[in-house]
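Architecture and fold: a report
Below, each chain spelled out in residue letters.
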Amino acid sequence: MLISKMLHDKRRYRQYKARVKQLPENYRTAVEAIERYLMYFVPTDDDSAVSEFEDLAELFEQAASDETPIREIVGDDPVEFVETFVQNYTKGGYVPDEERKRLLRGIARAIEDEGVI
Amino acid sequence: MGKQTTEMLKGTLEGVVLAILAGQPAYGYEITAWLREQGFSDIAEGTVYALLVRVEQRGLVDVEKVPSEKGPPRKVYSLNAQGREYLDEFWKAWSFLSERLEQLREGGK
């Protein structure tokens, strides 16, 4: 599996997954859409890949406790948000267009569920 | 907020956030809220968060985890000496740019 190859520190990754599971459902939907998109970028090292997921969880945990609507977290352009975010951990990688659409669909689904739109 | 404003702000957001932190330590949500109050309504919290992660990695800010009443502890960011130096550079660059643009506007009249 790509993930286990990418992440030597499986324990930290499992902890991240457990944190995401604790989030309210629509925040979780958004995180999972972003997580999927992040998988297409090649991380510079394993530690930064894990940190990337931990930081993602932290952002959404904080946002969930502040009840920040998902649109205000990711902005009007979730692709741009994730690509800005990912630059902190990787030099970037190849992202197929289909994955951009999938990210947008995932975010749209999350927002629909919270009843903002 | 117009598209042009959003685009222009993007290039200066790092300096803007460091300037806010020069005034007082703050956590991510406070910074986003302040920017929104100032009329930068399109600013996403995630964008500010990603920026804070970046300036932390570059050693421009110090971070303290402060327990919050509800939810996880908040990371409170404050500008350190290296960040102040960087902010000085930013203001120099800004002065240069704004002076040149003003000249261009005067010249074009």
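Residues numbered from 1 in each chain as written. Chains lettered and ligands numbered in written order. Predicted model: local features only at pLDDT ≥ 70, side-chain atom pairs only at ≥ 80, totals over all residues. Heavy atoms only, no water.

Residue and element names in this part refer to chain A. Applying the stated rule across the entire model yields six aromatic pairs over all chains. For the ring pair tyrosine 13 and tyrosine 16, a centre distance of 5.7 Å and an interplane angle of 40° mean the geometry is tilted. In this pair, tyrosine 13 and tyrosine 16 both sit in helix α2 (residues 10–22), three residues apart, roughly one turn of the helix. Here tyrosine 13 falls in the buried class, since its relative accessible area comes to 8%. A ring pair is formed by phenylalanine 85 and tyrosine 89, whose centres lie 5.3 Å apart and whose planes are at 50°; its orientation type is tilted. Neither phenylalanine 85 nor tyrosine 89 differs from the other in exposure class; each is buried. Put simply, the rings of Tyr13, Tyr16 and Phe53 touch in pairs and so form one group of aromatic residues. (Phe/Tyr/Trp six-rings, centres within 6.5 Å; stacked < 30°, edge-to-face > 60°. Helix = DSSP H or I, 4+ residues; strand = E, 2+ residues; numbered from the N terminus. Buried < 20%, exposed > 50% of the residue type's maximum accessible area, 1.4 Å probe, protein only.)

Bringing the pattern of salt bridges into the picture now. Should their charged atoms come close, side chains of opposite charge can pair. Residue and element names in this part refer to chain A. Under the defined criterion, the tally for this structure stands at 16 salt bridges over all chains. A salt bridge links lysine 17 to glutamate 35; the shortest N-O distance between them is 2.9 Å. Residue lysine 17 is found in helix α2, and its partner glutamate 35 is found in helix α3 (residues 25–38); the two are separated by 18 residues along the sequence. On the accessibility criterion, lysine 17 (34% relative accessible area) is partly exposed. (Salt bridge = Lys/Arg side-chain N within 4 Å of Asp/Glu carboxyl O.)

Here we take up the UniProt feature "domain: Transcription regulator PadR N-terminal" (unreviewed entry) in chain B. The UniProt record annotates "domain: Transcription regulator PadR N-terminal" (unreviewed entry) at residues 17–88 of chain B. Annotation note: span residues 17–88 of chain B, helix share 53%, strand share 19%, distance between end C-alpha atoms 13 Å. (UniProt positions renumbered as here; feature names shortened; annotations may be inferred.)

Now for helix α3 (residues 45–57) of chain B. Each α-helix winds once per 3.6 residues, and so residues spaced three or four apart point in a common direction. Residues and elements named next belong to chain B. Taking 1.5 Å per residue, 13 residues should reach 18 Å; α3 reaches 18 Å between its end C-alpha atoms and fits that length. Listing the buried residues of α3 in full gives Glu45, Gly46, Val48, Tyr49, Ala50, Leu51, Leu52, Val53 and Val55. A positive phi of about 75° marks glycine 59, the residue just after α3. (Expected span 1.5 Å × (residues − 1).)

Residue and element names in this part refer to chain B. If you trace the backbone, leucine 60 turns up in the loop between α3 and β2 (61–66). Taking the C-alpha atoms as reference, leucine 60 lies 8.5 Å from leucine 18; in sequence the two are 42 residues apart. Those residues in contact with leucine 60 that lie beyond four places of it in its chain are Leu18, Val55, Ser78, Leu79, Asn80, Gln82, Gly83 and Tyr86. (Contact = heavy atoms within 4.5 Å.)

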